[in-house]
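Examining the three-dimensional arrangement
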Amino acid sequence: MSAASCLLTEDQFLCSICLDVFTDPVSTPCGHNFCKACITQHWNVNVPYQCPNCNKLFYTRPELQVNTFISEMAAQFRQSAQQKASSSEQQAAKPGEVPCDVCTGTKLKAPKSCLVCLVSYCETHLEPHLTMSGLKRHQLIDLVENLEGRMCTKHDKQLDLFCKTDQMCVCILCIYSDHKTHDVVPLEEEYEGKKAELGKTEAEIQQMIQKRRVKIQEIKHSVELSEEDADREIAEGVQVFTALKESVERSQAELIDTIKEKQRKTEKQAEGFIKELEQEISELKKRSTEVEQLSRSEDHLHLLHLLQSFRTLNTAPPTKNWTGVRVSPPSHERTVRIAVNQLEETLSKQMKKLLTEAELKRVQQSAVDVTLDPDTAHPELILSDDEKQVKHGDVRKNLPDNPERFDTCVNVLAKQSFSSGRFYYEVQVKGKPKWELGVVRESVNRKGNIPPSPQKGYWTIWLRNKNEYKALANPSVRLSLKSQPEKVGVFVDYEEGLVSFYDVDAAALIYSFTGCCFTEKLYPLFSPCFNDGGKNSAPLIISPVNHTE
């Protein structure tokens, strides 16, 4: 091949009609090249005469002459391509590859298939389709298997149409017979439609996969949170049981000391009795010796004189009556019973305190930042600039009577609402003889004097007359508290249906509403109650949560 032809690409030697290397190339007046036979047949079918490339219209049929230069260049290109094909190393078809249908003996790998012949060819047997004019018009495609499946079995024509009615591929003749009145479209059109559907399906599948990956992450995160909760519960449980164990060991040591002390007193009493008895025995032995010596005397007069002078020798020395004296072993059954009862009471109190402390630590993990909402505040309430404090004033302010505002009950709600999960906040009530705290549902009636209760959408507790605490259930529950709370913690578990109140400083549970059914947003509620001429002037203060140590 010449140096000039080496600079040209394969596309420049292909006829745009037959898509093969030029045979007898001719040039139209507009400058485009075609095979002489291709452009002649094209113009025989398509009148008027028009260039297939640029659509330029010729009013008279141009006289076409073979372009000898392009013809020689095309011939050289074809020869070079054939030499290259014949010199290239052809490989035998491997398992899974399509073999040449013409090869005998060793089947070579087929690079192309012919839709007209329905045969796959190796490079050698493909040569006639590249050189022979009759075969050059056959449609060659990249290698496919099952070529017969691309042909209509009834009409032996290529399946290049699609019947939407029967959802099957058909040939051009099928639309005039079995599919005459059916909705038939070109195969490419159906292909593009199906491809678009597959793309949409693929996008949906990818979206489903992504959702499931997100769900996996949520589940893993839940497991991590559960593991953290489990570790925290174990640590708290170990702390509780360690404290209880220490109490048991301390009570056991005290019991042992009590029993040993009783034993020491018993031994000391016995030692005193024994000492006293031994002393009496010594006196009796001495008297016995004296009596024995006198009884051996043979001088009658001397013996009688001695007995008259020492009348005590005639009788036993004075001694204690030991008949009723007993050393009774102390009974330890009552000691053990008393110790066990005391231990049980101590453990009960201590366990309750430890569990409440652990519970308070746990709920404090759900602390949220809460601020007061001025749009809900009763007109006589005074809010601080940071919206963290509220107290009752003596003057009713002229405020818009919007639906959110309480007009009779001296209440104010938080700006924040909660419709799932857990939340916790703390309120300082120090120095107030009366107040009310809790949560309410969003739709609660805010106009008029509404007695608070869960049925009305209120879950609250209050203080009246300095020491009268009540949980405003239905009916209300009087609360007996060992100490007056100065800071109250409020905890809500929305899904669990739980509202709990804690004395933060004492780490004690005040009261819990359980089994609640929440279906709306919940808002924290604060009521400092009336000022009462300055007796109840201290504000309610939303305090930062300092986690219990």
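In short, a report on the structure. If you're wondering where the values come from, they're calculated on a predicted model, not measured in any experiment. (Residues numbered from 1 in each chain as written. Predicted model: local features only at pLDDT ≥ 70, side-chain atom pairs only at ≥ 80, totals over all residues. Heavy atoms only, no water.)

1. Things to note about the nonpolar core
Applicable threshold: In this text, buried Ala, Val, Leu, Ile, Met, Phe, Trp, Tyr and Cys residues form a nonpolar core when linked through side-chain atoms within 4.5 Å. For every residue, the accessible area obtained with a 1.4 Å probe (protein chains only) is divided by the maximum for its type, and the residue is called buried under 20%, exposed over 50%, and partly exposed between those limits.
By size, the foremost hydrophobic cluster in this structure holds 38 residues, and its most contacted members are W435, F513 and F526. Core analysis: the second largest hydrophobic core is formed by 17 residues, F13, C15, C35 and A74 among them.

2. What about the sheet that holds strand β11 (residues 381-383)?
Selection rule: Note on pairing: two strands pair once DSSP finds at least 2 bridges between them. Elements are defined by DSSP. Helices are runs of H or I of four residues or more, strands are runs of E of two residues or more, and each kind is numbered from the N terminus. A fitted line through C-alpha atoms represents every axis, and for helices the fit uses only the stretch in contact; the resulting angles, taken between N-to-C directions, go from 0 to 180 degrees.
On the basis of which strands lie adjacent, the open sheet formed by seven strands has the order β11-β12-β23-β14-β19-β20-β21 and antiparallel pairing. Looking at strand neighbours, the two that pair on one side only are β11 and β21 (508-513), the edges of this open sheet. For this sheet the average axis-to-axis angle between neighbouring strands, irrespective of direction, equals 20°. Two elements, strand β14 (residues 422-428) and strand β23 (residues 540-543), share three bridges in a ladder whose sense is antiparallel.

3. Structural notes on the sheet that holds strand β5 (residues 112-114)
Heads up, the condition is: Every residue pair with non-hydrogen atoms within 4.5 Å of one another is taken to be in contact.
Taking strand neighbours across the sheet as the criterion, the three strands line up as β6-β5-β7 in an open arrangement whose pairing is antiparallel. Of all the strands in the sheet, the pair left with one neighbour each is β6 (119-121) and β7 (140-142). Across this sheet, the average inter-strand angle for adjacent strands is 35°, counted without regard to direction. Pairing of β5 with β7 involves three bridges; the strand directions are antiparallel. In the sheet register, C114 faces β7, and the bridge partner there is L140. Contacts from helix α4 (residues 123-131) reach β5, β6 and β7, with the element oriented near 110° to β6.

4. Some remarks on the pairing of strand β19 (residues 487-493)
With respect to burial, β19 is a largely interior element, seven of its seven residues being buried. Of the pairings in the sheet, the one linking β14 to β19 comprises seven bridges and is antiparallel in character. Bridge pairing in β19 links V427 to V488. In this structure, β19 lies alongside strand β20 (residues 498-503), joined through six bridges in antiparallel fashion. Residue F491 lies in a different strand from β20, and its bridge partner there is S500. Following β19, the chain reverses through four residues before pairing antiparallel with β20; G497 in that reversal takes a positive phi of roughly 70°.

5. Description of the environment of D101
What counts is decided by this rule: Pairing of N or O atoms within 3.5 Å defines a polar contact, subject to two protein rules: one partner must be a possible hydrogen donor and the other a possible acceptor, and residues neighboring in sequence count only if both atoms are side-chain atoms.
As for its placement among the helices and strands, D101 is situated in the loop between α3 (68-87) and β5. Using a relative accessible area of 46% as the deciding quantity, one classes D101 as partly exposed. The spatial distance from the C-alpha of D101 to the C-alpha of L118 is 9.6 Å, given a sequence separation of 17 residues. If near-sequence neighbours (up to four positions away) are discounted, D101 is found in contact with K107, V119 and S120. From its side chain, D101 meets the backbone nitrogen of S120 in a polar contact 2.8 Å long.

6. Remarks on the packing of aromatic side chains
Spelled out, the test is: Between rings of Phe, Tyr and Trp, where Trp is taken as its six-membered ring, a pair exists when centres lie within 6.5 Å; planes separated by under 30 degrees are stacked, by over 60 edge-to-face, and by other angles tilted. Two conditions define a charge located above a ring, namely a distance within 6 Å from the ring centre to NZ of Lys or CZ of Arg, and an angle within 35 degrees of the ring normal.
Across all of its chains, the model carries ten aromatic pairs by this definition. When the centroid spacing of 6.0 Å and the interplanar angle of 80° are considered together, the rings of F273 and W322 count as edge-to-face. Placement of F273 in helix α6 (residues 187-295) and of W322 in the loop between α7 (300-309) and α8 (333-364) is noted, with a sequence separation of 49 residues between them. Taken as a pair, F273 and W322 share a single burial class, namely buried. The interplanar angle of 85° and the centroid separation of 5.1 Å between the aromatic rings of W459 and F518 together place this pair among those described as edge-to-face. Residue W459 is located in strand β16 (residues 458-464), and its partner F518 is located in the loop between β21 and β22 (522-527); the two are separated by 59 residues in the primary sequence. Assigned by exposure class, W459 and F518 land together as buried. Joined through ring pairs, the aromatic side chains of W43, Y49 and F58 make up one cluster. Taking the ring centre of W322 as reference, the NZ or CZ of K320 above it sits at 4.6 Å.

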